[in-house]
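Overview (structure and organization)
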Amino acid sequence: MSSETSAVNVHGAWSAKRLTLLAMMLALISVSSYIAIPLPFSDAKITAQTMIVNLIGLLIAPQDTILVMASWLLLGLCGVPVFSGGSAGPGKLLGPSGGYYIGFLVVAFLISLFCRKWKNVAFQTAFLIYAFGAGWMKHVTGQPWGAVIVQSIIPFIPLDIVKCVAAVALGKALKRTGLFGN
């Protein structure tokens, strides 16, 4: 394997560099879950996860985003406290805010898949997180759409915009280091 070949997307090769980067991304999404602000009117919390989900999508290959995010979901499902506020377990994944977690996996993958083709993909796909989160909350709680939108979308928009901008800026800076391939 040539040293010029990207370790992150080496036709499935499991290089030490690739494994380290994947482990770092898994650690980032796990730690970002602990930066949480509970909202008194919602089961969902404001977390740093949205920023890290965007960053993961911007930095690593699509198949690697699936590996990282699926590993994170499995860890949480098995009881490792990696979900918002250090929570874990099937109850959290299947509870009112569980749709966000599945949305994170889908969005990270889509950002990674499309970010090389279109600009501002992080902003466009952020709305998918809301769709998964609100749709799942509606399904689990049976609340009317108005209440679900107030609990699961509106309070998150301003800070999510800031987090998306920060993720794009940080992603661009990290890409210039050469550690993350193209």
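Residues numbered from 1 in each chain as written. Predicted model: local features only at pLDDT ≥ 70, side-chain atom pairs only at ≥ 80, totals over all residues. Heavy atoms only, no water.

1. A closer look at the overall build of the protein chain
Test applied: Each helix is a run of H or I in the DSSP string that is no shorter than four residues. Each strand is a run of E no shorter than two, and both are numbered from the N terminus. A 1.4 Å probe rolled over the protein chains alone gives each residue an accessible area, and that area as a share of the maximum for its type sets the label: buried under 20%, exposed over 50%, partly exposed in between. With residues, only the protein chains shown are counted as cover, and all accessible areas are computed by Shrake-Rupley using a 1.4 Å probe.
Assigned secondary structure in the protein chain consists of 8 helices and 2 strands. Every one of the 182 residues in the protein chain was classed for burial, and the buried ones make up 45%. Element-wise, carbon and sulfur atoms account for 72% of the exposed surface of the protein chain, whose accessible area totals about 8800 Å².

2. Observations concerning the packing of aromatic side chains
Definition in use: Geometry of aromatic contacts follows a simple scheme: Phe, Tyr and Trp rings, the Trp one being its six-membered ring, pair when their centres are within 6.5 Å, and the pair is stacked under 30 degrees between planes, edge-to-face over 60, tilted otherwise.
Enumeration over the complete set of coordinates arrives at 6 aromatic pairs. Centre to centre, the rings of Trp72 and Phe104 are 6.1 Å apart; their planes meet at 40°, and the pair counts as tilted. One end of the pair, Trp72, is in helix α3 (residues 62–77); the other, Phe104, is in helix α5 (residues 98–114), with 32 residues separating them in the sequence. The two residues Trp72 and Phe104 agree in class, both being buried. Their ring planes at 70° and their centres at 6.2 Å tell us that Tyr101 and Phe104 sit as a pair that is edge-to-face. With Tyr101 and Phe104 both in helix α5 and 3 residues apart, the pair spans about one turn of that helix. Taken as a pair, Tyr101 and Phe104 share a single burial class, namely buried.

3. Focus: the packing of helix α1 (residues 16–32) against α3
We count it as follows: Axis definition: a line fitted to C-alpha atoms, over the contacting stretch in the case of helices. Angles run 0 to 180 degrees between N-to-C directions. In this scheme, roughly parallel covers angles under 35 degrees and roughly antiparallel covers those over 145, while 65 to 115 is roughly perpendicular and the rest are oblique. Crossings are assigned a handedness: left-handed for a near helix turned anticlockwise from the far helix by less than a right angle, right-handed for a clockwise turn. Contacts are residue-level and defined by heavy atoms, with any inter-residue pair within 4.5 Å sufficient. Any residue that is not Ala, Val, Leu, Ile, Met, Phe, Trp, Tyr, Cys, Pro, Asp, Glu, Lys or Arg is counted as polar, Gly included; the first ten are nonpolar and the last four charged.
Between α1 and α3, the least distance of the axes is 10 Å, while the angle of their chain directions is 45°. By the criterion of interaxial angle, the relationship of α1 to α3 is oblique. Crossing of α1 over α3 shows right-handed handedness. Within the contact between the two elements, α1 uses Arg18, Leu22, Met25, Leu26, Ile29 and Ser30 and α3 uses Gln63, Asp64, Leu67, Val68, Met69, Ser71, Trp72 and Leu75. Residue composition of the contact of α1 with α3, by class: 9 nonpolar, 3 polar and 2 charged.

4. Observations concerning the environment of Val150
Tracing the sequence through the fold places Val150 in helix α7 (residues 145–152). On the basis of relative accessibility, which here comes to 45%, the residue Val150 falls in the partly exposed class. Placed 108 residues apart in sequence, Val150 and Ser42 show a C-alpha to C-alpha distance of 8.6 Å. Sequence-distant contacts of Val150, defined by excluding residues within four places in its chain, comprise Phe41 and Pro155.

5. Things to note about the confidence of the model for the protein chain
The cut-off we apply is this: Summary of the metric used: pLDDT quantifies the predictor's per-residue confidence within the range 0 to 100.
Averaged over every residue, the pLDDT of the protein chain is 86; residues scoring 70 or more account for 87%. The low-confidence segment residues 1–10 (pLDDT under 50) makes 17 contacts with residues lying over four places distant or belonging to another chain.

6. Here we look at helix α8 (residues 157–176)
Keep this limit in mind: Any helix carries an expected span of 1.5 Å times its number of residues minus one. Directions from the helix axis toward the C-beta atoms define the arc.
The first and last C-alpha atoms of α8 sit 29 Å apart over 20 residues, in line with the 28 Å expected at 1.5 Å per residue. All of the buried residues along α8 are Asp160, Lys163, Cys164, Ala167 and Gly171. Mapping the buried residues of α8 onto a view down its axis gives an arc of 105°, with all of them on the same face. Exposed side of α8, more than 90 degrees from the buried face: Pro158, Val162, Lys172 and Arg176 are the residues found there. Just downstream of α8 lies Gly178, where phi reads positive at about 85°.

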